[in-house]
Amino acid sequence: MTNKLTNSTDSRDRATQTVFAYHERTKHHLKRFAASLGYLDWDRQPIPFRRFEGAPQLPLAEIPPTASPTYDDLFSGQLPSPQPITRQTISQFFYDSLALSAWKAVPGSRWSLRVNPSSGNLHPTEGYLISGPIDGLFDDACVCHYAPFEHALEVRRRAARDTWPFPNDCFFVALTSIHWRESWKYGERAYRYCQHDAGHAIAAIAIAARVLGWRCHVLESWSDDDIARLTGTDQQSGIEAEHPDCLIAVSAALGAIPHVRPENFDTISHVPLAGIPNRLSHDHHEWPVIEDVAAAANKPRIAEIAPMETSVTNYTGGLARSVSARQIIRQRRSAVAMDGHTEIGREEFLRILRRVMPQQSIVPFDSWPWKPSVHLALFVHRVRDMKRGLYLLARDATRVDWLKLELSNTFSWTPIVDDVDVLPLFLLREGDFGRTSNLVSCHQEIAQDGAFAAAMLAEFEAPIRDCGPWFYRRIFWETGMIGQVLYLEAEAAGVRSTGIGCFFDDAMHEVLGISNRSLQSLYHFTVGGPLEDARLQTLPAYSHLSRKGP
Ligand SMILES: Cc1cc2nc3c(=O)[nH]c(=O)nc-3n(C[C@H](O)[C@H](O)[C@H](O)COP(=O)(O)O)c2cc1C
């Protein structure tokens, strides 16, 4: 018994060390980038769309954005009344979360963009619908892959309706990642980007659900192997295989989200799979360290965790803008450059920050069962009535004293608002940090030319040691969720933003006086006035499909 325990503690320690070692070796340094090919191997470029050849396809409807609910309604604390789960609403749900949102074109080339963003637009995240009968779609229980190019469901498994153990007011979404999609371009650091993208997708799903009056909850008791068995990705192997990320319960009921165990899906998980995964590249570059970290961060089953309580349930920021939520969701775009002069107002800035506070913003953080691990270091460049400088937003007010101990003791920690428990925002140091934020973000001007830039600072070593090496991925997902909110908030404020995965990790740590792994900067962001590239033509998302309307 003791031996068994020692062995499992040893293997967990080894896996934790593998995760820490991966994190260290994939840091970009001022004089050395993390290992990658260093050029784009167009010959091996993966196809951006996974398909299951031979699986029956169920086309979904294009549901154009509607005026209501407004974007601010999403944060009003009152759910819109839940819509029934039908082909129409499932179509809208995917259309507003994982679908294509536009095509961009220059003479001789065009590429699609999606509602959820992705590093390098490479889209490693795949989505699955797992559901009982849905009016207008199917009469039985199904496991379907969502195909964004076709805006369709590919039915991989079908089981008799009486095998479905849940009421018809809930369904499930699983997310998986194809690491090769990102490693093709980014090499060893790619695993990090896959995790950011998964976080963006979780938030996109929670927000699309909220528009329909539905609630999401990331089910953390499931192991990765449980999710792989349910989605059938356990049958894939090799570098193009999908790795399970998470299972999300989506509920259209007013009551609690049902308690869900892997055993509830025993029947459907044993149904043979329809369709064969398409080949994405004819040949590959191996990145063994990604295989190693993925194995080390594989998640076991754990006890279920209740959804997080949100204490302030009505934060609209005193605003009731008339802009449609779905319009904002579908128009979200990354700025490719910032203009270097657009300012935003102080109230706008504070509202954006309140919306990333998990206790106040309701969606998407109400779907996230973990207490916040991620805080924001902010470079304020152009915010009216705010001093330029370096700020810190603690996304959990109870962590301020700890953060003060961890960051440089030369910072002033001047509170910005009276109720610092509600918005724990502090000026750390006044000054022009334009060049610094450009430098630490891999010399990207976009970080300097916005109204403000953020570095997402995660509580790192302790949560990973406490929860297990798989928590490494959760911390990245949390940064992606924050990023998704920043993207939408920027759109709603009439500016734009961009996620920044390329940054010099330890150079940023130096700015903050961080010399150990208690805190690590995991993701940068910029928000400001965009510069449009007039050479690019924009085409509608589904002009390539002949079918129209519902
Ligand atoms: C995790 C992540 C990291 C990114 N890193 C950068 C970056 O370092 N520099 C940059 O200009 N854009 C970056 N982007 C923006 C992507 O290039 C952009 O999301 C992608 O091209 C798709 O465009 P869209 O966001 O307009 O849909 C990043 C996006 C994500 C989600």
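Quick notes on the rules
- Residues numbered from 1 in each chain as written.
- Predicted model: local features only at pLDDT ≥ 70, side-chain atom pairs only at ≥ 80, totals over all residues.
- Heavy atoms only, no water.
- Phe/Tyr/Trp six-rings, centres within 6.5 Å; stacked < 30°, edge-to-face > 60°.
- Lys NZ or Arg CZ within 6 Å of the ring centre and 35° of its normal.
- Near = heavy atom within 4 Å.
- Polar contact = N/O pair within 3.5 Å; in protein donor to acceptor, adjacent residues only side chain to side chain.
- Areas by Shrake-Rupley, 256 points an atom, 1.4 Å probe, with all protein chains shown as cover.
- Nonpolar A, V, L, I, M, F, W, Y, C, P; charged D, E, K, R; others polar.
- Helix = DSSP H or I, 4+ residues; strand = E, 2+ residues; numbered from the N terminus.
- Contact = heavy atoms within 4.5 Å.
- Core = buried A, V, L, I, M, F, W, Y, C linked by side-chain atoms within 4.5 Å.
- Buried < 20%, exposed > 50% of the residue type's maximum accessible area, 1.4 Å probe, protein only.
- Pairing = 2+ DSSP bridges.
- Axes fitted to C-alpha atoms, helices over the stretch in contact; angles between N-to-C directions.
- Disulfide = S-S within 2.5 Å.
- Parallel < 35°, antiparallel > 145°, perpendicular 65-115°, else oblique.
- Left-handed = near helix turned anticlockwise from the far one by under 90°.
- Salt bridge = Lys/Arg side-chain N within 4 Å of Asp/Glu carboxyl O.

(A) Inspection of the packing of aromatic side chains at higher detail. What the rule picks out here adds up to 33 aromatic pairs. Aromatic ring contacts, followed pair by pair, group Phe 20, Tyr 22, Tyr 191, Phe 460, Tyr 472 and Phe 476 into a single cluster. The aromatic ring of Tyr 487 is capped on one face by Arg 332, whose charged end is 4.6 Å from the ring centroid. The aromatic ring of Phe 365 is capped on one face by Arg 395, whose charged end is 4.9 Å from the ring centroid.

(B) View of the site of the ligand. Around the ligand sit 21 residues, and of these Arg 332, Arg 333, Ser 334, Gln 444 and Gly 499 come closest. The separation between an oxygen atom of the ligand and a polar side-chain atom of Arg 333 is 2.7 Å. The side chain of Gln 444 places a nitrogen or oxygen atom 2.8 Å from a nitrogen atom of the ligand. Coverage of the ligand by the protein amounts to 85% of the 620 Å² it exposes when considered alone. Of the residues contributing to the shell around the ligand, the split by class is six nonpolar, 11 polar and four charged.

(C) Examining the environment of Leu 428 more closely. Mapping Leu 428 onto the fold places it in strand β15 (residues 425-430). Those residues within four positions of Leu 428 in sequence are excluded, and the remaining contacts are Leu 390, Tyr 391, Leu 392, Phe 411, Ser 412, Trp 413 and Leu 512.

(D) How the structure looks around the nonpolar core. Counting 116 residues, the largest nonpolar core has Ile 90, Phe 93, Trp 214, Ile 248, Phe 349, Leu 378 and Leu 425 as the members making the most contacts within it. Top contributing element to this core by residue count: helix α14 (residues 471-492), with 13 residues. Setting aside chain neighbours within four positions, we find Phe 93 in contact with Phe 171, Val 173, Ile 205, Ala 208, Ala 209, Leu 212, Trp 214 and Val 250. Core analysis: the next-biggest nonpolar cluster, separate from the first, contains 25 residues, Phe 379, Val 400, Leu 407 and Val 511 among them.

(E) Here's a closer look at the sheet that holds strand β14 (residues 414-415). Strand order across the open sheet formed by seven strands is β14-β15-β13-β12-β16-β18-β17, with antiparallel pairing between neighbours. Strand pairing shows two members of the sheet lacking a second neighbour, β14 and β17 (496-500), which therefore form its edges. With seven bridges joining them, strand β12 (residues 374-380) and strand β16 (residues 452-459) adopt antiparallel strand pairing. When the sheet's bridge partners are listed, Leu 378 is paired in β16 with Ala 454.

(F) How the structure looks around the environment of Asn 116. By secondary structure assignment, the location of Asn 116 is in the loop between β4 (109-114) and β5 (125-131). Asn 116 sits in the buried class, given a relative accessible area of 3%. Taking C-alpha positions, Asn 116 is 26 Å from Gly 136, a pair spaced 20 residues apart along the chain. Apart from residues no more than four positions distant in its own chain, Asn 116 is found in contact with Ser 97, Leu 98, His 123, Ala 201, Ala 204 and Arg 332.

(G) Focus on the pairing of strand β3 (residues 100-106). For β3, the buried fraction is high: six of the seven residues fall into the buried class. Between β3 and β4, which pair antiparallel one after the other, the connecting turn spans two residues, and Gly 108 there sits at a positive phi close to 90 degrees. Pairing of β3 with strand β19 (residues 537-539), which is carried by three bridges, proceeds in the antiparallel orientation. Looking at β19, one finds that Lys 104 is bridged to Thr 538.

(H) Focus on the sheet that holds β3. Spatially, β4-β3-β19 is the arrangement adopted by the three strands of the open sheet, whose pairing is antiparallel. Every interior strand has two partners, whereas the edge strands, β4 and β19, have only one. For this sheet, the mean inter-axis angle between neighbouring strands, taken without regard to orientation, is 30 degrees.

(I) Spotlight on the state of the cysteines. All told, the structure shown has one disulfide when counted by the stated rule. Each sulfur of the disulfide joining Cys 442 and Cys 502 lies 2.3 Å from the other. The chirality of the disulfide connecting Cys 442 with Cys 502 is left-handed, given an S-S dihedral of about -90 degrees. Of this pair, Cys 442 sits in the loop between α12 (434-440) and β16 while Cys 502 sits in the loop between β17 and α15 (505-512); the two residues are 60 residues apart in sequence, bridging distant segments of the chain. With no disulfide of its own, Cys 170 lies closest to Cys 216 among cysteine sulfurs, the gap being 12 Å.

(J) Focus on the side chain of His 145. In this structure, His 145 sits in strand β6 (residues 141-147). In this structure His 145 comes out as buried when scored by relative accessible area, which is 0%. Only 2.7 Å separates the side chain of His 145 from the side chain of Glu 154, close enough to count as a polar contact. If near-sequence neighbours (up to four positions away) are discounted, His 145 is found in contact with Arg 50, Phe 52, Glu 126, Gly 127, Tyr 128, Ala 152, Leu 153, Glu 154 and Arg 156.

(K) View of the packing of helix α3 (residues 179-186) against helix α4 (residues 190-211). Relative orientation of the contacting elements α3 and α4 amounts to 130 degrees, with a least axis distance of 8 Å. Taken together, the axes of α3 and α4 lie oblique to each other. Handedness of the α3/α4 crossing: right-handed. Taken together, the residues of α4 that come into contact with α3 (itself represented by His 179, Glu 182, Ser 183 and Tyr 186) are Ala 190, Tyr 191, Tyr 193, Cys 194, Gln 195 and Asp 197. Grouping the amino acids of the contact of α3 with α4 by side-chain chemistry returns five nonpolar, three polar and two charged.

(L) The arrangement of the pattern of salt bridges in detail. Evaluated as defined, the whole model comprises 33 salt bridges. Among the ionic pairs, Glu 343 bridges to Arg 384, the shortest N-O distance being 3.5 Å. Placement of Glu 343 in the loop between α8 (325-331) and α9 (346-355) and of Arg 384 in the loop between β12 and β13 (389-393) is noted, with a sequence separation of 41 residues between them. Arg 384 sits in the partly exposed class, given a relative accessible area of 42%. A salt bridge links Glu 348 to Arg 351, with the nearest nitrogen and oxygen atoms 2.4 Å apart.

(M) Highlighting the packing of α9 against α14. Two elements in contact, α9 and α14, have axes whose closest approach is 9 Å; the angle formed by their N-to-C orientations is 150 degrees. Considering the angle they form, α9 stands roughly antiparallel to α14. For the element pair α9 and α14, the recorded crossing hand is right-handed. In this structure, α9 uses Arg 351, Ile 352 and Arg 355 to contact α14, whose residues at the interface are Val 485, Leu 486 and Glu 489.

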